[in-house]
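An overview of the molecular structure
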Amino acid sequence: MPQLFRRHRWNSATFTATLAAVVALVTGASVALAGSTTGSAQAADPASAKAVSASTTTAGITPAMSCSGIAQLDLAAAVPGVPFEITSATELAASANTLGNWAACDVKGVIAPQLHFEIKLPQTGWQANYLQVGCGGLCGNVNVTSAPASTGCVPLTTGAFAVASSDEGHYQGGGLFSTDPTLRADFGYKSDHELVQAAKAIIKQYYGQAATHSYFDGCSQGGHQALTEAQRYPTDFDGVIAGAPANNFTALNTFSHAWTAQSVYLNAGPATITNADLADLHKAVLKGCGAPADGIIADPLSCTWDPGTIQCEAGQTSTSDAYCLTADQVTTLRRIYAGPTDEHGQLLYPGYQLRGSELNWAGIITPATATGASGDISFVRETLRYQIFDSPQPTLTYKDIKFTAAYYKKVMRLGEGMYDATDPDLTAFKKAGGKLILWHGLGDQHIPAVGTMAYYKAVEKVMGGEAATKTFARLFLLPGVAHCGGGQGPDTFDALTAITDWVTKGDAPASLTTKSVDSSGNTTASRPVYPFPYYAKNTTGGSATDASSYTPVKSTAEASLKLDWLGSFRSGYETVGNWVGGKWVVTKGRN
């Protein structure tokens, strides 16, 4: 998965509006605040000359010690089973904080054996909230500079949250780390559980009191991390936001990406479709799907347009004005829209590219030139060589993937237990009061949104149906939006306020407002998105760029989605690894 996170810029007008909204914040309008009574606690580091008393006011909870004092703390035994140490603690000016206009104590540290983390602790404004953010791709670096689904979240920009993230236990972005079993487990399922424990211990030392509520926000691999937490460690977070989750990690990075690569490079030859084809192809798809004038297909799952309808006639040459496809291009596109299947026609990954996503394929599914390489090729290479098998397989490429039932079972048996987060049984998470917001761009070129729909439907089946599931989990699909943002549809939104309101007030989100924002921070379009299986349709005749023009309409295609998939969403596949007597032992992780 790619490392794609949106940086949120705040211009003066936006910041002024943010400050005005603080009045609502401190009266409890957006998040639950710490109590307004004043108390005190001794600094955790008595030797620190700058240590101050902790106090809780409507302006937030002040630290109980100095920032520099944190670096002197010995916290190796603070969390049983999670040995860690702080490597630095420095003051960060509000003007240098990309998360918002708040000064922070920027703490960096490491959890054994090499899980690097960073946590920003607000020096003013903290409301006893903790936010952990995920990473992208195969991770390999610490990125605590933004939260993927928090645009316009006033509590975040005013310092209500302490925010942390990690590198998931390794410091390079490829898959080589997975040749070490400990690092493989850290990436697969352990790192976020260890980080939340260490971060909460640091928070308690710094403020003299524990965080009241904890949240997780991630997209792509971050979405995978989010679902891993909800499934394996259901009490770690009160609210979880999982965007475009790579939760079916094993099949995604082998069968799904290899299928599109083998489809584009038919018979290992040059690419049949390149970036130059995408604009004209997209126009043909919009026409074939009956898209509205704004060019955004709101319900792409319902479109079954066949590329064969624009196959070139004998002797015809394709032009921009009269675009047509060769026979090989028709084959390529039919395969991409159908998804990877075995010799019996069963899907090997529960998803496929939706029509209307074509403009987002550039560089990922399609290369710049017929002899160039696509991103899919590299995704498969790293996973296949280093992450699946018990020993490195450095010569394997996407060409070696076999789309058979036997090969599927072999690969999944080796990888899913450690890497995947596909368990639909969220009973423990719901029982603990957890709330889950899933979201996915329908134009996602990396992780097909159909896979997230299929997972959500599996959750509904296990958790008692649509109505019962919506009491704690909801899925929002964003038309035209590419992987974790970008694309043709409105792609910025604030799910963080929605999840905090759901957790602290019981206000389940009936919709989310998505926006298109230009380089100056101005909103150029807005559109509501509704919980699956509903989509926003312009039923008023109003402007397509105005959210008020839309009303919810149930998607028959989404509601009736059924996949002939060789795999299954089930419990009991999870494994855990531990060193026992000098040997790495893998056992069942959840029965």
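Above this note sits the structure.
Cut-off values and rules
Residues numbered from 1 in each chain as written. Predicted model: local features only at pLDDT ≥ 70, side-chain atom pairs only at ≥ 80, totals over all residues. Heavy atoms only, no water. Pairing = 2+ DSSP bridges. Helix = DSSP H or I, 4+ residues; strand = E, 2+ residues; numbered from the N terminus. Axes fitted to C-alpha atoms, helices over the stretch in contact; angles between N-to-C directions. Contact = heavy atoms within 4.5 Å. Salt bridge = Lys/Arg side-chain N within 4 Å of Asp/Glu carboxyl O. Buried < 20%, exposed > 50% of the residue type's maximum accessible area, 1.4 Å probe, protein only.

Before going further, it helps to examine the sheet that holds strand S11 (residues 473–478). Reading across the sheet, the nine strands line up as S3-S4-S5-S7-S6-S8-S9-S10-S11 and stay open at both edges, with mixed pairing between neighbours. Sheet topology places strand S3 (84–92) and S11 at the edges, where each strand pairs with a single neighbour. Averaged over all pairs of adjacent strands, the angle between their axes in this sheet comes to 15 degrees, without regard to strand direction. Contacts from helix H4 (residues 181–207) reach S3, strand S4 (104–111), strand S5 (115–122), strand S6 (129–133), strand S7 (161–166) and strand S8 (213–219) within the one sheet, and its direction differs from that of S5 by about 35 degrees. Most of the contacts of helix H14 (residues 495–505) go to strand S10 (residues 435–441), to which it runs at about 160 degrees, and overall it touches S6, S7, S8, strand S9 (239–243), S10 and S11.

Per the counting criterion, the structure on display carries seven salt bridges. A salt bridge links Asp-294 to Arg-527, with the nearest nitrogen and oxygen atoms 2.8 Å apart. Of this pair, Asp-294 sits in the loop between helix H7 (278–289) and helix H8 (327–338) while Arg-527 sits in strand S13 (residues 523–529), and the two are 233 residues apart along the sequence. A relative accessible area of 3% means that Arg-527 is categorised as buried. Arg-334 serves as the salt-bridge partner of Asp-306, at 2.9 Å between the closest nitrogen and oxygen. Of this pair, Asp-306 sits in the loop between H7 and H8 while Arg-334 sits in helix H8, placing them 28 residues apart in sequence. When its relative accessible area of 43% is taken as the criterion, Arg-334 is described as partly exposed.

Looking along the chain, the bond that leaves Ala-112 and enters Pro-113 is cis, with omega of 0 degrees. One can find Pro-113 in the loop between S4 and S5. With an omega of 10 degrees, the peptide bond between Phe-532 and Pro-533 qualifies as cis. With respect to the helices and strands, Pro-533 occurs in the loop between S13 and strand S14 (534–538). Here the phi dihedral of Ala-244 falls at roughly 35 degrees; this positive angle occurs in a residue that is not glycine. Note on placement: Ala-244 falls in the loop between S9 and helix H6 (249–264). Classification of Ala-244 by relative accessible area gives buried; the value is 0%.

The analysis is restricted to geometry; functional conclusions fall outside its scope.
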